[in-house]
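So you can see what is in the structure, the chains are spelled out below.
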Amino acid sequence: MFLGDFYPSGDEYELVYSATGRLIPPAGIPINVGCVVNNVETLYNVEAAARGVPVTRKFITVTGAVRRPQSFWAPVGTTYRELIEQAGGATTADFGLFVSGIMMGQLSFDLDEVVTKTLGGLIVLPRDHYLISRKSRPLEAMHRIGKSACDQCSYCTEFCPRYLLGYDVQPHKVMRSLGFTLTGASNWNQWGELCCACGLCTLYACPEDLYPKEACDQAKQDRRAEGMQFKQERPVTVHPMKEYRRVPLSMLRKRLHVEEYECEAPFAEASLRPARVRIKLKQHAGQPAGACVSIGDNVAVGQTVGRMADGMLGADVHSSLSGVVACVTPDYVEIETKG
Ligand code: SF4
Ligand code: SF4
C-alpha cells in the first residue's frame, strides 16, 4: 500500500493504524497488536548483520541551501563539513543545520560534528531563516511566552495526530501547566505523556507560534522524574474528523517557509573518502561502548573499535576506515588514513 503525502506518516502508532487498522494500546508498542515497525535501512542492516557485516556507513540526504542536494552513503564518523562539501557546499556563508529533519531533528551549528548510525540527513538553512530563529529560542523563553500568550484556542490539540487517533494527548491542556509554579502542573502534564514529539502543534497548528510540543517534552520529563505513569481510562476511539485534518506536505512546507528548497535529492554514488573519522562510542540506546583499541593500532574497515561490557545494553561500534588509531577518549575513537 502507498501512504498519502501527509505529515506525520512515520509515527509507529499512525503507521500501524494506516497499514492494519489496529490501534496500539495507550503507552504500548507495536508488538502488542502483532506488528513490528522498522525503517528500510534498519532491515537492510539486520540482513547484513546476519552475514556478520557491521554498520560502517550511513545513508544520508543533504538538502536545503546547498548547491547539489543529494542522497548518498557516508562512512560513519565523517564530519558534517564533508557532507556539505559533497553536496556542492552551502549557498550562503552563514547557516545552521537541521540534523535528521526539521520537525523532529536538532538544530546544530557544529560542522565538526560527525555521522552516527542514526543520522538521517542534514537540512541546511540560512542563519536568519524563520525556523532557525524559532528553534534557537531558549527553553525558558519558550515556556515564558507560552505562559503569557496561550489563549487556549486548542488548535494544537485539534491537529494533534495522536489526539485524532484517539489517545489522550491534549497539548492545549499541557500549556496550562506553564502557569503553575510549586504545585498543580502535574494535573495538566498527564495530557502530554503520549505525545510522540512530531512537532506539528508547535510548527504548524499554533496560530501564535508558541511551543506546545516543547511543553509536552517538559511534561514528560517532569512526570518521569516524579515516577508517574499514565493510564488512559477510556477506550481508544478514532476521531471522526481524523482523515479531514491530515496535514499535506505542501501546506506544511508553506507554513515552515521552506518551499524554495523543495527539490529532488537524487542518489549519488558518492566517493566520500574522509582522511579521518571520529567513531562515537555511544550511537545507540543504553550505555556507551568501551574503546578496545589503542593509539597507533592498525585497524581495518569493519573492525570492532568499541565493545560493550558483558550484560550491558548497547552495541559494539566499528571502524569505517582502514588506517591507524590517532586518538582515543571515553567518547570516541579517531582513525586516520596512513601516510
Ligand atoms: S494552538 Fe497555541 S495558542 Fe492555541 S491553545 Fe495551543 S498553544 Fe495555545
Ligand atoms: S508534538 Fe504536538 S502534535 Fe505532535 S503528538 Fe505531541 S502534542 Fe501532538
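Rules used throughout
Residues numbered from 1 in each chain as written. Chains lettered and ligands numbered in written order. Predicted model: local features only at pLDDT ≥ 70, side-chain atom pairs only at ≥ 80, totals over all residues. Heavy atoms only, no water. Helix = DSSP H or I, 4+ residues; strand = E, 2+ residues; numbered from the N terminus. Rg over C-alpha atoms; globule rule 2.2 N^0.38 Å. Buried < 20%, exposed > 50% of the residue type's maximum accessible area, 1.4 Å probe, protein only. Near = heavy atom within 4 Å. Phe/Tyr/Trp six-rings, centres within 6.5 Å; stacked < 30°, edge-to-face > 60°. Nonpolar A, V, L, I, M, F, W, Y, C, P; charged D, E, K, R; others polar. Pairing = 2+ DSSP bridges. Axes fitted to C-alpha atoms, helices over the stretch in contact; angles between N-to-C directions. Contact = heavy atoms within 4.5 Å. Disulfide = S-S within 2.5 Å. Expected span 1.5 Å × (residues − 1).

Peer 1: Would you explain the overall build of the chain in this entry?
Peer 2: Within the chain, the regular secondary structure consists of twelve helices and 14 strands. Over its C-alpha atoms the chain spans a radius of gyration of 22 Å, differing by no more than 12% from the 20 Å that the globule rule assigns to 339 residues. Referenced to the eigenvectors of the C-alpha coordinate spread, the extents of the chain come out at roughly 65 × 50 × 45 Å. Each of the 339 residues in the chain was classed as buried or not, and the buried ones make up 45%.

Peer 1: Quick question: what am I supposed to make of the site of ligand 1 here?
Peer 2: As a matter of local geometry, ligand 1 sits amid 14 residues, with Cys-150, Cys-153, Ser-154, Cys-156 and Cys-206 nearest to it. Elements represented by at least two residues in the shell around ligand 1 include exactly helix H6 (155-159) and helix H8 (171-176).

Peer 1: I keep staring at the packing of aromatic side chains and nothing clicks. Help me out?
Peer 2: Counting across every chain of the model gives five aromatic pairs. Between the aromatic rings of Phe-59 and Trp-73, the centroid separation amounts to 5.2 Å while the plane-to-plane angle is 65°, which identifies the pairing as edge-to-face. Of this pair, Phe-59 sits in strand E2 (residues 57-64) while Trp-73 is found in strand E3 (residues 70-75), placing the two residues 14 residues apart along the sequence. Through successive ring pairs, a cluster of aromatic residues spans Tyr-44, Phe-59, Trp-73 and Phe-267.

Peer 1: Where do I start with the site of ligand 2 in this structure?
Peer 2: The local shell around ligand 2 holds 13 residues, among which Cys-160, Cys-195, Cys-198, Gly-199 and Cys-201 are the closest. The set of elements that each furnish at least two residues to the shell around ligand 2 consists of helix H10 (200-205) and helix H11 (212-225). Here the shell around ligand 2 is built from residues that sort into eleven nonpolar, one polar and one charged.

Peer 1: What exactly am I supposed to notice about the sheet that holds strand E5 (residues 106-108) here?
Peer 2: Each strand in a sheet pairs with another by means of backbone hydrogen bonds, the pair being arranged parallel or else antiparallel. The sheet built from five strands is open, its strands ordered E3-E2-E6-E4-E5 with mixed pairing. Each of the sheet's edge strands pairs with one partner strand only, and the pair in question is E3 and E5. Ignoring strand direction, the axes of neighbouring strands in this sheet form an average angle of 30°. Pairing of E2 with strand E6 (residues 121-126), which is carried by four bridges, proceeds in the parallel orientation. Its bridge partner being in E6, Thr-61 is matched across the sheet by Gly-121.

Peer 1: Could you clarify how one ought to interpret the sheet that holds strand E14 (residues 332-336) in this entry?
Peer 2: Taking strand neighbours across the sheet as the criterion, the four strands line up as E8-E14-E13-E10 in an open arrangement whose pairing is antiparallel. Strands at the two margins of the open sheet, each flanked by one partner only, are strand E8 (276-280) and strand E10 (298-299). Pairing between strand E13 (residues 323-328) and E14: four bridges, direction antiparallel. Looking at the pairing, Val-325 lines up with Ile-335 of E14.

Peer 1: How do you make sense of the environment of Leu-125 when you look at a structure like this?
Peer 2: Mapped onto the secondary structure, Leu-125 falls in strand E6. Setting aside chain neighbours within four positions, we find Leu-125 in contact with Phe-95, Gly-96, Phe-98, Leu-131, Ile-132, Val-258 and Tyr-261.

Peer 1: Teacher, can you tell me more about the state of the cysteines here?
Peer 2: Simply put, disulfide is the name for a covalent bond between the sulfur atoms of two cysteines. This model, assessed by the stated rule, comprises zero disulfides. Note on Cys-35: no disulfide assigned, nearest cysteine sulfur contributed by Cys-196 at a separation of 17 Å. Judged by its relative accessible area of 11%, Cys-35 is buried.

Peer 1: Would you mind showing me how to read H11 here?
Peer 2: Because the α-helix completes a turn every 3.6 residues, residues three or four places apart line up on one side. Here H11 spans 20 Å end to end across 14 residues, near enough to the 20 Å set by a 1.5 Å rise per residue. Those residues of H11 not exposed but buried are Pro-212, Lys-213, Glu-214, Ala-215, Cys-216, Ala-219, Lys-220 and Arg-223. One or two steps after H11, the chain reaches Gly-227, where phi turns positive at roughly 70°.

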